[in-house]
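# Analysis of the macromolecular model
The primary structure of each chain is shown beneath.
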Amino acid sequence: MKIAVISDTHDKQTNLDKFLNWCKENKPNIIIHCGDVASFSTLQYLTNNFQGPIYLSLGNADLDPEQMKALQNSVSTLKVTEDFGELEIKNLRFIYIVKVC
């Protein structure tokens, strides 16, 4: 099982494309994004270009969190959480956090 972790993409298409090319070469099963995708269109681009599950914890620079959360309804591989998310794989529990108090 390979897990790719990314954060703070901030709509930087060039960097996101580099990451997605890395994913094509290395074939991670899951992406965990720890926030600050920025725009809804960038999140759509990510979901359109990665076929596996994507777990996103929203960050303070995510411009339309309600629209991002609503995308889960049409993209079954996407899971969006507010402050942190939990994921269990083969009896291992992962917690991905954006907002630390």
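Predicted, not measured: the structure shown is a model, and the values here were computed from it. (Residues numbered from 1 in each chain as written. Predicted model: local features only at pLDDT ≥ 70, side-chain atom pairs only at ≥ 80, totals over all residues. Heavy atoms only, no water.)

### Quick notes on the nonpolar core
Ranked by size, the top nonpolar core spans 20 residues in total, and within it Phe19, Ile31, Leu43, Leu56, Met68 and Leu78 carry the most contacts. Only strand 1 (3–6), helix 1 (13–26), helix 2 (40–49), strand 3 (54–57) and strand 4 (78–81) provide two or more residues apiece to this core. By residue number, the principal contributor to this core is helix 1, which donates four residues. Aside from chain neighbours lying at most four places away, what touches leucine 43 is Val37, Leu56, Met68, Leu71 and Leu78. If you look at the next biggest cluster of nonpolar residues, it comprises six residues, including Ile30, Ile32, Leu87 and Ile89. (Core = buried A, V, L, I, M, F, W, Y, C linked by side-chain atoms within 4.5 Å. Buried < 20%, exposed > 50% of the residue type's maximum accessible area, 1.4 Å probe, protein only. Helix = DSSP H or I, 4+ residues; strand = E, 2+ residues; numbered from the N terminus. Contact = heavy atoms within 4.5 Å.)

### Some points on unusual backbone geometry
In this structure, lysine 27 takes a positive phi of about 50° despite not being glycine. Looking at the secondary structure, you find lysine 27 in the loop between helix 1 and strand 2 (30–33).

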